[in-house]
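A look at the structure
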Amino acid sequence: MSRLRRVTVTSPQTAVVLTARRGGIAVPPPRLTESERERAERIRRTQLRWAAVSLSGGAALLVGLPGLLHVAPVLLAVRVADVPVAWLAVAVLPYPFLALLAWWQLRRAEQTER
Amino acid sequence: MIALAALPVILATLLIGARGVATLRSTSDFLVASRRISPTLNAAAVSGEYLSAASFLGVAGLVVKNGVGALWYPVGFTAGYLLMLVLVAAPMRRTGALTVPDFAEARLGSPRLRRFSALVVLVIAGLYLVPQFTAAGQVLTVVGGTPYWVGVVVAGASVAITLALGGMRAATYVQAFQFVLKLVLFIVPAVWLLLAVGADTRREALHPAEYSRFPAATEVQFRLDTRLEVGEPITVLADGVPRTLGPGEHVAPEDGRWVFPAGGRVPEIRGVALPGSELWQRPLLDNGSGHPLLATWSVLVATALGTMGLPHVIVRFHTNPDGRAARRTAAITVGLLGTFYLFPAVYGLLGGILLPELYLSGATDTAVVALPSRVDGGVAGTVFTALLTAGAFAAFLATSLGLVLALAGAVAHDLLPGGLRRLRVSAIVAAAVVVPLALLAVRIDVGAVVTSAFAVAASTFCPLLVLGIWWRRLTPRGAFVGMTVGLLSSAGVMGTSLVLRPEPGLTALLLGQPALWSVPLAFLTMVLVSLADDPPPGAESTMLRLHLDETRTP
């Protein structure tokens, strides 16, 4: 077990806060350099844009699909391999859709940080 | 004897937990396994922890009770991890905070907010934990005939011991192991059931007929006082005594054992769809409200947005080494959960036609473990009942481990900061408090109570995390007022509706499942109060830092 590297007991933020509380002094929050700030701002904006796309996809599934099933009860009568399409839409379809969306979002998010 | 199937699961849990003891030295080890877990192992652990009794038993039970629309629950559970991936995982990991209250203080610098968040953790974890133990007691009662308290106490004791010994390092291995276990123990019996029932039953499951007349003399043991609406006169054997019920409303007493005659018309229960009926087949959740679309959306909002606020899920992402690994964990989890959730439909649809009388008794949560013996009275049925029981026990254990850990963390890390010793003691105390609560809560519906925990999480921690990570103007006062409003409009309103018991309808829907309006209300309050306030100094840098990937920062 000795080959395992040991890491700090408390999180950095908690350490700062705890020190401040115990010592009764205000510790200034960590500052970002100008270039870091610009980079962080840029990443945040790009991530928000991709997030908006993924969230729209999620909303289409969670808000749109129940709406569609509500207005089109005929989907219960249409059958694929003897299973009503409306059942497949709830029991099967969402999972590959969510997995694809997650994979796409992961790639976009990692590329943004490259 | 079948109850003994849970034994290997408990023993394996304890053994793997004990293995963690050797390496457990610090608070960080206990709470976050010193942040050294790989994305795939962690995703398995996240899924293992997340697939609770509500997923293993509850979803199929809700299908028997409410119809095909109940399959929206697992969709929401899975979508929660997509939202986690998109909005929360990586930045949250980069705060370095160990718990949600820790995040609140790190981002907004307010110790008061931290203590308040810790109280919210207690509410959510309590709402989530009690039904897990309840389910443990119920399942052992059904398959083994043991008294209810045995299952509850056994589950409580094994959770407390594992945690007190091994902490999160133990929990990670235990849960990753249990994910695989649950996946196998859920899928293999499902495939066997599909093959064993034969082509006729398979066809019947896809073309369900309304359960309007008893096909044979049927014994029903009512789990609760149940109001039956009798359409045609029917003579039942109520605890052995013949009794004729005229048309109208009759109350079957809790624990009453009634035998209904073959060919008799099945009594209806207001607000619950008869299995196989047109309402039951419709792929939307109604819950007797008459507003299926609103009811479905409400469940989806609660489950999808609530996932990110569940304290035991959040803490898991801190066991990853960095933000990028946390994000990968979330993405892999979406795939793992999606695989598991393809199967509750099998149990639900088969349960709807093979065990429709559960609709009357109210014991729908036991549908999964009751199916094998209904399909095959011989050895195979017994073996598969045992396998499913073991899987169900794995489900309670894994989820309860994470929840008790989150509870212990809230008490010993956020409310009364102390060392490792206090954490260990808190874990045992948390289990000791929850067991008596679960003993009292024998009547609850596992799926429904778990969903209320999601609603509370979605109305409190979801706005805190999303706004805290993406919006620089969030202030401590805004977060505090917003979370208070969210807590009152979710937990407060649901509690009120339990007392008032409104008639099924729109009001009952909005009070019983408030997520549809309580989440936007909490967001709005948080934004408006923050806008009227000044953000703390340095808040902008604190927020921006969350979006800097760690490879570039020194």
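Counting starts from 1 at the beginning of each chain's written sequence and moves along it residue by residue. Whichever chain is written first is A, and whichever ligand is written first is 1; the rest continue in order. Since the coordinates come from a predicted model, pLDDT governs what is reported: local features require at least 70, and pairs of side-chain atoms require 80 or more to be given and counted, while whole-chain, interface and lining totals use all residues.

**Things to note about the overall build of chain B**
The helix count covers DSSP runs of H or I at least four residues long, the strand count covers runs of E at least two residues long, and both are numbered beginning at the N terminus. In terms of helices and strands, chain B carries 23 helices and six strands. A buried classification covers 62% of the 554 residues belonging to chain B. Exposure classification rests on a simple neighbour count of other C-beta atoms within 10 Å of a residue's own: a residue reaching 20 or more is buried, one at 12 or fewer is exposed, and one in between is partly exposed. C-beta atoms are placed from the backbone.

**A word on the overall build of chain A**
Counting secondary structure elements, chain A contains four helices and two strands. Going residue by residue from the N terminus, the α and β elements of chain A occur as α-α-β-β-α-α. Split into buried and exposed, the 114 residues of chain A put 27% on the buried side. A separation of at least 24 residues holds for 47% of the contacts in chain A among residues at least 6 apart in sequence. Contacts are defined on C-beta atoms placed from the backbone: any two residues whose C-beta positions lie within 7 Å are in contact.

**Focus: helix 17 (residues 379–415) of chain B**
Residues and elements named next belong to chain B. In this analysis, the expected span of each helix is defined as 1.5 Å times one less than the number of residues it contains. The end-to-end C-alpha distance of helix 17, which contains 37 residues, comes to 52 Å, matching closely the 54 Å that a straight helix rising 1.5 Å per residue would cover. Take the seven residues that end at a residue and the seven that start at it, fit an axis to each, and the angle between those axes is the bend at that residue. Of all the bends in helix 17, the largest measures some 25° and sits at Gly-409. A large share of helix 17 lies buried, amounting to 31 of its 37 residues.

**Structural notes on the domain arrangement of chain B**
When the domains of chain B are assigned, the result is domain 1 (2–199 + 290–545) and domain 2 (218–260). Listed per partner, the contact involves six residues of domain 1 of chain B and seven residues of domain 2 of chain B. Residue ranges for the domains trace back to a domain assignment, done automatically or taken from a database.

**Some thoughts on the environment of B:Gly264**
Note on placement: B:Gly264 falls in the loop between strand 6 (257–260) and helix 10 (278–281). Beyond its immediate stretch of four places on either side in the chain, B:Gly264 contacts B:Arg213, B:Phe214 and B:Ile234.

**What about the packing of helix 5 (residues 72–94) of chain B against helix 11 (residues 292–306) of chain B?**
Residues and elements named next belong to chain B. The angle between two axes is taken between their N-to-C directions and runs from 0 to 180 degrees, where each axis is a line fitted to C-alpha atoms and a helix contributes only its stretch in contact. One way to put it is that helix 5 packs onto helix 11 with a least axis distance of 7 Å and a crossing angle of 35°. Here the hand of the crossing between helix 5 and helix 11 comes out right-handed. In this structure, helix 5 uses Trp-72, Tyr-73, Gly-76, Phe-77, Ala-79, Gly-80 and Leu-83 to contact helix 11, whose residues at the interface are Thr-296, Val-299, Leu-300, Thr-303, Ala-304, Leu-305 and Gly-306. Following the grouping adopted for this structure description, the nonpolar residues are Ala, Val, Leu, Ile, Met, Phe, Trp, Tyr, Cys and Pro, the charged ones are Asp, Glu, Lys and Arg, and the polar ones are all others, Gly among them. Here the contact of helix 5 with helix 11 is composed, by residue class, of nine nonpolar, five polar and no charged. Here is the rule for handedness: rotate from the far helix to the near one, and if that takes an anticlockwise turn smaller than a right angle the crossing is left-handed, while a clockwise turn gives right-handed.

**Side note on the interface of chain B and chain A**
With 55 residues of chain B at the interface, the matching set in chain A holds 55 residues. At the level of secondary structure, the elements contributing two or more residues to the side of chain B that touches chain A comprise helix 2 (27–32), helix 5, helix 6 (100–108), helix 11, helix 13 (323–340) and helix 23 (539–545) of chain B. Counting residues per element, the side of chain B that touches chain A draws most heavily on helix 5 of chain B, which supplies nine residues.

**Here we look at the sheet that holds strand 6 of chain B**
Residue and element names in this part refer to chain B. Read from one edge to the other, the open sheet built from four strands follows the order 1-6-3-4, with strand pairing classed as antiparallel. The two strands at the open ends of the sheet, each matched to only one other strand, are strand 1 (218–221) and strand 4 (241–245). Adjacent strand axes in the sheet meet at a mean angle of 30°, parallel and antiparallel pairs treated alike. At least two bridges found by DSSP between two strands are what make those strands a pair. For strand 3 (residues 234–238) and strand 4, the ladder comprises five bridges, and the chain directions are antiparallel. Residue Ile-234 lies in a different strand from strand 4, and its bridge partner there is Leu-245.

**Let's talk about the confidence of the model for chain B**
Residues and elements named next belong to chain B. Per residue, pLDDT measures the predictor's confidence, with a range of 0 to 100. Overall, the predicted model of chain B reaches an average pLDDT of 80, with 88% of residues at or above 70. Here helix 2 is the element of chain B with the lowest mean pLDDT, 53, and helix 22 (residues 515–531) is the one with the highest, 92. We note a pTM of 0.85 for the whole complex and an ipTM of 0.83 for its interfaces.

**Concerning the environment of B:Gly76**
All names here are of chain B. Summarising the element assignment, Gly-76 is placed in helix 5. On the basis of neighbour count, Gly-76 is assigned to the buried category, with 22 C-beta atoms found within 10 Å. Sequence separation between Gly-76 and Phe-116 is 40 residues; the distance between their C-alpha atoms is 27 Å. Not counting residues within four places of it along the chain, the set of residues in contact with Gly-76 comprises Val-299, Leu-300, Thr-303 and Ala-304.

**Remarks on the environment of B:Arg203**
Tracing the sequence through the fold places B:Arg203 in helix 9 (residues 198–206). Along the sequence, B:Arg203 and B:Ser518 sit 315 residues apart, while their C-alpha atoms lie 42 Å from each other.

**Observations concerning the confidence of the model for chain A**
Mean pLDDT over chain A stands at 77; residues scoring 70 or higher make up 73%. Between residues 22–27 of chain A, whose pLDDT stays under 50, and residues either more than four places distant or in other chains, the model counts five contacts.

**Structural notes on the packing of helix 4 (residues 53–66) of chain B against helix 14 (residues 344–354) of chain B**
All names here are of chain B. Viewed as axis vectors pointing N to C, helix 4 and helix 14 meet at an angle of 35°, and their least axial separation amounts to 8 Å. Judged by the twist between their axes, the crossing of helix 4 over helix 14 is right-handed. Residue-level contacts link Val-59, Ala-60, Val-63 and Val-64 of helix 4 to Pro-344, Tyr-347, Gly-348, Leu-349, Gly-351 and Gly-352 of helix 14.

**Some words on helix 22 of chain B**
Residues and elements named next belong to chain B. In this model helix 22 runs 24 Å from its N-terminal to its C-terminal C-alpha over 17 residues, within 8% of the 24 Å that 1.5 Å per residue would give. Considered for burial, the residues of helix 22 that qualify are Ala-515, Ser-518, Val-519, Ala-522, Thr-525, Met-526 and Ser-530. Projected down its long axis, helix 22 shows its buried positions confined to an angular sector of 130°, all on one face. This arc describes the spread of directions from the helix axis toward the C-beta atoms.

**Notes on unusual backbone geometry**
Residue and element names in this part refer to chain A. Notably, Ala-81 is not glycine yet its phi reads approximately 50°, a positive angle. The residue Ala-81 is located in the loop between strand 1 (79–80) and strand 2 (83–84) in this model. Phi is positive for Asp-82, close to 70°, though the residue is something other than glycine. Within the secondary structure layout, Asp-82 lies in the loop between strand 1 and strand 2.

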